Amino acid sequence: MTYSLASAPKTINSPKKRGPRYRCTACRACSARAVLVFLGYGGALTTLGAFVGGRPQTSPLILIASMGTIAVVEIVLTQGWLWIRETVREHEARLRGLTNSLPGVVFQFFVREDGTVGHHFVSEHAEDVLGVEADPAPFHERYMNCIPEPHRREIEQSIEVAIDEQSD
């Protein structure tokens, strides 16, 4: 009897554990708010310093132009980061949908350097197929407890072989 370990990406936001999040992502204006606040405060302080202080070393226009450049770069980087984050979420949702539509159970197994084992992801069908809750945290222990004692050692050896092959 041979067992293989299927994998799926680690998910950060589990829809079962957290409620919906409402945030504006269509216009991305919310992401630029912090940059615009930075630019506004910086511009106000630069202008105030230019009029209140003595002779500045650098022209206030140069300082304001520099801050504008920084603000534009921050906006571009923030929008790029938001685009990447949204793309990752879309791909994650597609992969989750695909794995949950497959018959059987798909899971992502991990082994840490200290030897602890577990699962990052378990498809929804785990409860239907195995009678084990699909929560990744206790899945390994519950799954192993469902295996009849005569076959449990064989599965543990199969896991050890898979770990050894991946670490080479």
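In case you missed it, the structure is sitting above this.
Computed from a prediction, not measured in an experiment: that's the story for all the values here.

Novice: For this particular structure, what's the right way to read the packing of aromatic side chains?
Specialist: Two aromatic rings, taken as a pair, are described by how far apart their centres are and by the angle between their planes. Across all of its chains, the model carries 3 aromatic pairs by this definition. Consider the rings of Phe-107 and Tyr-143, whose centres lie 6.5 Å apart with planes at 45°: the pair is tilted. Residue Phe-107 is located in strand β1 (residues 107-111), and its partner Tyr-143 is located in helix α4 (residues 136-146); the two are separated by 36 residues in the primary sequence. Members of the aromatic cluster, each reached through a chain of ring pairs, are Phe-107, Phe-139 and Tyr-143.

Novice: Looking at this model, I keep getting lost on a nonpolar patch on the surface. Mind explaining?
Specialist: Together, Trp-83, Ile-84 and Val-88 give the surface a local cluster of nonpolar side chains, amounting to about 330 Å² of exposed area. Summarising the element assignment, Trp-83 is placed in helix α2 (residues 60-101).

Novice: Explain the nonpolar core to me, please; I cannot follow it from the model alone.
Specialist: When a protein is soluble and globular, its nonpolar side chains tend to lie buried together. Counting residues in hydrophobic clusters, the biggest one holds 12 residues: Phe-107, Phe-109, Val-122, Ala-126, Val-132, Ala-134, Phe-139, Tyr-143, Met-144, Ile-147, Ile-155 and Ile-159. Contributing elements (two or more residues each) for this core: β1, α4 and α5 (149-167). Setting aside chain neighbours within four positions, we find Met-144 in contact with Arg-152, Ile-155 and Glu-156.

Procedures and definitions
Residues numbered from 1 in each chain as written. Predicted model: local features only at pLDDT ≥ 70, side-chain atom pairs only at ≥ 80, totals over all residues. Heavy atoms only, no water. Phe/Tyr/Trp six-rings, centres within 6.5 Å; stacked < 30°, edge-to-face > 60°. Helix = DSSP H or I, 4+ residues; strand = E, 2+ residues; numbered from the N terminus. Patch = residues over 30% accessible without salt bridge, like charges linked within 9 Å, V, L, I, M, F, W, Y side chains within 5 Å. Areas by Shrake-Rupley, 256 points an atom, 1.4 Å probe, with all protein chains shown as cover. Salt bridge = Lys/Arg side-chain N within 4 Å of Asp/Glu carboxyl O. Core = buried A, V, L, I, M, F, W, Y, C linked by side-chain atoms within 4.5 Å. Buried < 20%, exposed > 50% of the residue type's maximum accessible area, 1.4 Å probe, protein only. Contact = heavy atoms within 4.5 Å.

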